[in-house]
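Topology and contacts: notes
Read off the chains here:
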Amino acid sequence: MTAALIDLPPRGLSLLHANLPQARQQVEALSDIVIASGLKNIVLNVECGGGFGWDPGYLRTLVQKYSQGGRVAHVLFYLTNGPAARKWPTTAMEGFGTRISPEQFRHKILADQQFQDEFQELTRRLFDIIVEIHQAGGQASIVPQLEDNQTNKSFTMMLELIRTALPPGLPVRLGRNPCVSCYPGNEGSTPAGCFLEEHHHSASTDFTLKDGILSNDGCTYAFPGETPTSLPYLQLEKFEGVQSKTGRMNSMFILWSGKYQGLGGPITDPKSRAYIMPTEAEREILIEFLRKP
């Protein structure tokens, strides 16, 4: 007899790099941890703008994995990558809009028909996967840009381009992940009907985020006895209260790891990074963490 799934608010491990073939073995191991947690409501987040490549066949397989056995998959797609774009003169990441300045991006998304069409294609190529998520009883969400570099006007245009690219009646939540202090001119208003994603870098639980998404993206976690040397970090247990509070606010929680994303020194081309495999001890610790009420 199959054990009953644990009915907790949606949560999961960050898999922004899931499209990248070089990370495939590790992504499989991390997704196995999420499945092994026995949670009913699980979150999968993926960067789909090309920064970590694009592999729709594997992405569909991963979505199916998250949707089986009575699980409800909450799948979050980022269409473009703000952090990579802020380093546009020297960035090691390819992808939509990463080789032009944020100022140029804002202008082109507002006024350049070809650029707008190319952006809409990032949405159109997700159609079949989104339909499958919905048919399996899950929920698809789209954030136009991870840690965005947009003014309110350019962000509103990105939302409108996504909405007009989506087939009528296709159920997709749209959200914003602003990063107001990250680049000159960045703004952070969240339009009506648009959820908010916040990146939280402390153990504090005084946030008021409702019906959105919260992640520690940018502040990695450390396992017992581990001391990261190149990224801000907290011991994993410090995020237990954050995860719990996020659920009580009817929001989803995504646990991010710099180590598992191949970070730990100068940011290099994702294809050349070392994607460290979780140890058996780390696997057990993460399963226990995800099961925390």
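Owing to the predicted nature of the structure, the values given are computational and were not obtained by experimental measurement.

**So, the overall build of the protein**
A tally of helices and strands in the protein yields nine helices and ten strands. Principal-axis analysis of the C-alpha atoms places the extent of the protein at approximately 55 × 45 × 40 Å. When the 293 residues of the protein are sorted by exposure, 53% land in the buried category. A sequence separation of at least 24 residues applies to 71% of the contacts in the protein between residues at least 6 apart. For the protein, the exposed surface amounts to about 12,200 Å²; the carbon and sulfur share of it is 53%. For the protein, the distance from the average position of its 27 positive side-chain charges to the average position of its 30 negative side-chain charges is 2 Å.

**Some remarks on the pattern of salt bridges**
Going through the model one piece at a time under the given rule, you end up with 16 salt bridges. A salt bridge links Asp 148 to Arg 176; the shortest N-O distance between them is 2.8 Å. With a gap of 28 residues between them, Asp 148 in the loop between β4 (139-146) and α7 (152-165) and Arg 176 in strand β5 (residues 172-176) connect regions that are remote in the sequence. Of the residues examined, Asp 148 reaches a relative accessible area of 1% and is grouped as buried. A residue is classified by how much of its surface remains accessible, and Arg 176, at 0% relative accessible area, is buried. Lys 292 is paired through a salt bridge with Glu 288; the nearest N and O atoms lie 3.8 Å apart. What you see here is one network of salt bridges that share partners, running through Glu 28, Asp 32 and Lys 65.

**What to know about the packing of helix α4 (residues 102-111) against α7**
Here α4 crosses α7 at 45 degrees, and the two axes come no closer than 9 Å. In this view, α4 runs oblique relative to α7, as classed from their interaxial angle. In the crossing of α4 with α7, the sense of the turn from one axis to the other is left-handed. Packed against α4, whose contacting residues are Phe 105, Arg 106, Ile 109 and Leu 110, the element α7 presents Lys 153, Ser 154, Met 157, Met 158 and Leu 161 at the interface. Among the residues forming the contact of α4 with α7, the class breakdown is six nonpolar, one polar and two charged.

**Topic: the pairing of β4**
With seven of eight residues buried, β4 lies mostly within the body of the structure. Pairing of strand β3 (residues 72-81) with β4 involves seven bridges; the strand directions are parallel. Looking across to β4, one finds that Thr 80 is bridged to Gln 145. Direction of pairing for β4 relative to β5: parallel, over a ladder of three bridges. Of the residues in β5, the one forming a bridge with Ala 140 is Val 172. Between the parallel elements β4 and β5, the chain passes through α7 in a crossover that is right-handed.

**Here's the deal with the packing of aromatic side chains**
This model, assessed by the stated rule, comprises six aromatic pairs. When the ring of Phe 105 is compared with that of Phe 115, the centres are 5.2 Å apart and the planes differ by 85 degrees; the resulting orientation is edge-to-face. Here Phe 105 is found in helix α4, whereas its partner Phe 115 is found in helix α5 (residues 113-124), with ten residues between them in sequence. On the basis of relative accessibility, which here comes to 2%, the residue Phe 105 falls in the buried class. We classify Phe 115 as buried; its relative accessible area is 6%. Three or more aromatic residues joined by ring pairs make a cluster, and in this case those are Phe 96, Phe 105, Phe 115 and Phe 119. Positioned over the ring face of Trp 54 is Arg 125, at 4.0 Å from the centre of the ring. The ring centre of Phe 155 lies 4.3 Å from the NZ or CZ of Arg 176, which sits over that ring.

**Side note on the side chain of Asn 19**
Along the chain, the position of Asn 19 falls in the loop between β1 (11-13) and α1 (24-36). Polar contacts involving the side chain of Asn 19 include one to the main-chain carbonyl oxygen of Glu 47, which spans 3.2 Å.

**Focus: the environment of Asp 148**
Through-space distance from the C-alpha of Asp 148 to that of Leu 159 is 12 Å; in sequence the pair is eleven residues apart. Within the structure, Asp 148 has its side chain in polar contact with the backbone nitrogen of Gln 150 (distance 3.0 Å).

**Focus on the pairing of strand β2 (residues 41-47)**
The buried fraction of β2 is high, at seven of seven residues. Of the two faces of β2, the one holding Asn 41, Val 43, Asn 45 and Glu 47 and the one holding Ile 42, Leu 44 and Val 46 are both buried throughout. Summarising the sheet, β2 and β3 pair through seven bridges and their orientation is parallel. Its bridge partner being in β3, Ile 42 is matched across the sheet by Ala 73. Assessed by its sense of winding, the connection that carries the chain from β2 through helix α2 (residues 56-67) to β3 is right-handed.

Rules of the game
- Residues numbered from 1 in each chain as written.
- Predicted model: local features only at pLDDT ≥ 70, side-chain atom pairs only at ≥ 80, totals over all residues.
- Heavy atoms only, no water.
- Helix = DSSP H or I, 4+ residues; strand = E, 2+ residues; numbered from the N terminus.
- Buried < 20%, exposed > 50% of the residue type's maximum accessible area, 1.4 Å probe, protein only.
- Contact = heavy atoms within 4.5 Å.
- Areas by Shrake-Rupley, 256 points an atom, 1.4 Å probe, with all protein chains shown as cover.
- Lys, Arg positive; Asp, Glu negative; His and termini not counted.
- Charge placed at Lys NZ, Arg CZ, Asp CG, Glu CD.
- Salt bridge = Lys/Arg side-chain N within 4 Å of Asp/Glu carboxyl O.
- Axes fitted to C-alpha atoms, helices over the stretch in contact; angles between N-to-C directions.
- Parallel < 35°, antiparallel > 145°, perpendicular 65-115°, else oblique.
- Left-handed = near helix turned anticlockwise from the far one by under 90°.
- Nonpolar A, V, L, I, M, F, W, Y, C, P; charged D, E, K, R; others polar.
- Pairing = 2+ DSSP bridges.
- Right-handed = clockwise from strand over helix to strand, strands pointing away.
- Phe/Tyr/Trp six-rings, centres within 6.5 Å; stacked < 30°, edge-to-face > 60°.
- Lys NZ or Arg CZ within 6 Å of the ring centre and 35° of its normal.
- Polar contact = N/O pair within 3.5 Å; in protein donor to acceptor, adjacent residues only side chain to side chain.

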